[in-house]
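Architecture at a glance
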Amino acid sequence: FPETMNFVWSFVGLNFNTVAAGTGDISGTIKNILTPFDSIAGVVVTATGATTYTATTNGYGYYLFDGIDEGGYVLTTSHSLYLDAAPASVTVASATPVVQNYSLSFKSGVLEGYVKDQADAPLQNAIITIAGHNGTGTTDIDGFYRVIGIDSGYYDITATLATYAPQLVNNVIITPNDTTDQNF
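This structure is a prediction, so every number in the text was calculated from the model and none was measured.

Cut-off values and rules
- Residues numbered from 1 in each chain as written.
- Predicted model: local features only at pLDDT ≥ 70, side-chain atom pairs only at ≥ 80, totals over all residues.
- Heavy atoms only, no water.
- Salt bridge = Lys/Arg side-chain N within 4 Å of Asp/Glu carboxyl O.
- Helix = DSSP H or I, 4+ residues; strand = E, 2+ residues; numbered from the N terminus.
- Buried < 20%, exposed > 50% of the residue type's maximum accessible area, 1.4 Å probe, protein only.
- Phe/Tyr/Trp six-rings, centres within 6.5 Å; stacked < 30°, edge-to-face > 60°.
- Lys NZ or Arg CZ within 6 Å of the ring centre and 35° of its normal.
- Contact = heavy atoms within 4.5 Å.
- Pairing = 2+ DSSP bridges.
- Axes fitted to C-alpha atoms, helices over the stretch in contact; angles between N-to-C directions.

1. Notes on the pattern of salt bridges
On inspection of all chains with the given rule, the structure shows 2 salt bridges. Two residues, Arg-146 and Glu-112, come together in a salt bridge whose shortest N-O distance is 2.6 Å. Of this pair, Arg-146 sits in strand 14 (residues 144-151) while Glu-112 sits in strand 11 (residues 108-114), and the two are 34 residues apart along the sequence. Taking the relative accessible area as the measure of exposure, Glu-112 reaches 14% and is therefore buried.

Laid out in structure tokens, this is it:
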């Protein structure tokens, strides 16, 4: 049973707000920076102060530290597919909720483009290989390809298709949370 119980009357109904003395809440929502309506599930949020707490976002990108000790905390985020957010300093005071929302960027980038012949006709089923990356891409009927989840860095990209000479482009730059266009 909490040490204190606050009763809040309203015209709509009776709300019970039970908060133990000396504790408060931190909550927030974590979204994708490129598509702000897309919540990110599975983000580990850590609140580090005199005591360290962790919470993980649910399917709606929501996290909650419920009833944590008063004091100052530094919030950090961690997810395997996203860059960590800048640490945020917050102060928890008794019965005063703290809201800290985040927008995260992908750690990896996207490579896309078209493969066409000398007459500018699209080439279907060309294979796009990225040296140092496990995934490949294949062109569609329009000669278009897209490869996602490429770690940022410099890559040598090759387009191959039977009866055509392989085409190589060196030092293509992939940046996080961005799309790089490379046509062949």
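2. What to know about the packing of aromatic side chains
Counted under the stated rule, the structure contains 5 aromatic pairs. Lys-116 extends its terminal NZ or CZ atom over the ring of Tyr-114, reaching a point 5.4 Å from the ring centre.

3. Some remarks on the side chain of Asn-32
The topology assignment puts Asn-32 in strand 3 (residues 23-32). Dropping the residues within four chain positions of it, Asn-32 is found in contact with Asp-38, Ile-40, Tyr-82, Leu-104 and Phe-106.

4. Some remarks on the sheet that holds strand 17 (residues 179-181)
Taking strand neighbours across the sheet as the criterion, the 3 strands line up as 14-11-17 in an open arrangement whose pairing is mixed. Each of the sheet's edge strands pairs with one partner strand only, and the pair in question is strand 14 and strand 17. The sheet shows a mean angle of 25° between the axes of neighbouring strands, taken without regard to direction. Relative to strand 14, strand 11 runs antiparallel, the two being bridged by 6 bridges. Bridge pairing in strand 14 links Ser-108 to Asp-151.

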